[in-house]
Amino acid sequence: MIIESLHNIETIENEEFFLKCGNPCTRIARLTKGVMRGFVTDNDGNEITTHFYQEGDMVIGSYIPNANAPVSVQALEECEVLMADYSEVMSHLNKDQDITEVIALAFRKLNIQLQSRLVALQNLDSLEKYELFLKEYPKLINRIPHYYIASFLGITPTQLSRARKQLINKCKR
């Protein structure tokens, strides 16, 4: 199969970058082990987490190969990925049914996650945002620092702590 011949297995160490903001997106990967985060840096130098990648997710910095990445992507654990040349993979799009299905499914999932996050940031309170995070990323809560979760949810670590306590109390009822 073409899909197997396009990638190789690579390890990305904890805190190592898959991609840095502003660099061209030349690689695409499927995360087979570990957790990564996407983030941007605001004008004050604060990192704002925009996405979490977990096992099974496609890892990219842009939907367009070779475009400069608007985000950085960094490992939060030692990660194992199936790494491929982004342009080469995309050159097989619509020519190879397996590749087309994998890419379409991965892009659809990323798009749904991003839309969900945008809606949550605008419309939900801290507790609701945290509950949505737990629903969408149930395996990550004990694997990543809570300050990254707070950043992702658009709240402070103190607000996250309060939301966690509210949820515990809500579950006790």
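What you see is a predicted model; the values in this text were computed from it and never measured.

Glancing now at the packing of aromatic side chains. Under the definition given, this model contains eight aromatic pairs. Aromatic pair F52 and F152: ring centres 5.0 Å apart, planes at 55°, arrangement tilted. In this pair, F52 sits in strand β5 (residues 47–53) while F152 sits in helix α5 (residues 146–153), placing the two residues 100 residues apart along the sequence. For the pair shown, F52 and F152 are each scored as buried. Both rings, one in Y137 and one in F152, keep their centres 5.8 Å apart while their planes meet at 90°; by these two values the pair is edge-to-face. Residue Y137 is located in the loop between α4 (126–136) and α5, and its partner F152 is located in helix α5; the two are separated by 15 residues in the primary sequence. For the pair Y137 and F152, one class covers both residues: buried. Grouped by ring-pair contacts, the aromatic residues F52, F133, Y137 and F152 constitute a single cluster. Positioned above the aromatic ring of F17 is the side chain of K20, whose terminal nitrogen or guanidinium carbon lies 4.9 Å from the ring centre.

The pairing of strand β3 (residues 27–33) with strand β8 (residues 79–85) spans six bridges and is classified as antiparallel. Bridge pairing in β8 links A29 to M83. Note: β3 against strand β6 (residues 58–59), two bridges, orientation antiparallel. Paired with R30 across the two strands is M58, which belongs to β6.

All right, on to the packing of α4 against α5 then. Running from N to C, α4 and α5 point in directions that differ by 115°, and their axes come no closer than 10 Å. The pairing of α4 with α5 is recorded here as roughly perpendicular in orientation. Handedness of the α4/α5 crossing: right-handed. Residue-level contacts link K129, Y130 and F133 of α4 to I149, F152 and L153 of α5.

Once that is clear, we can look at unusual backbone geometry. Positive phi, normally seen in glycine, also occurs at E15, with a value near 75°. Looking at the secondary structure, you find E15 in the loop between β1 (7–12) and β2 (17–19). Positive phi values are uncommon outside glycine, yet N66 reaches one of about 70°. With respect to the element layout, N66 can be found in the loop between β6 and β7 (72–75). A residue is classified by how much of its surface remains accessible, and N66, at 44% relative accessible area, is partly exposed.

Thresholds, definitions, all that
Residues numbered from 1 in each chain as written. Predicted model: local features only at pLDDT ≥ 70, side-chain atom pairs only at ≥ 80, totals over all residues. Heavy atoms only, no water. Phe/Tyr/Trp six-rings, centres within 6.5 Å; stacked < 30°, edge-to-face > 60°. Helix = DSSP H or I, 4+ residues; strand = E, 2+ residues; numbered from the N terminus. Buried < 20%, exposed > 50% of the residue type's maximum accessible area, 1.4 Å probe, protein only. Lys NZ or Arg CZ within 6 Å of the ring centre and 35° of its normal. Pairing = 2+ DSSP bridges. Axes fitted to C-alpha atoms, helices over the stretch in contact; angles between N-to-C directions. Parallel < 35°, antiparallel > 145°, perpendicular 65-115°, else oblique. Left-handed = near helix turned anticlockwise from the far one by under 90°. Contact = heavy atoms within 4.5 Å.

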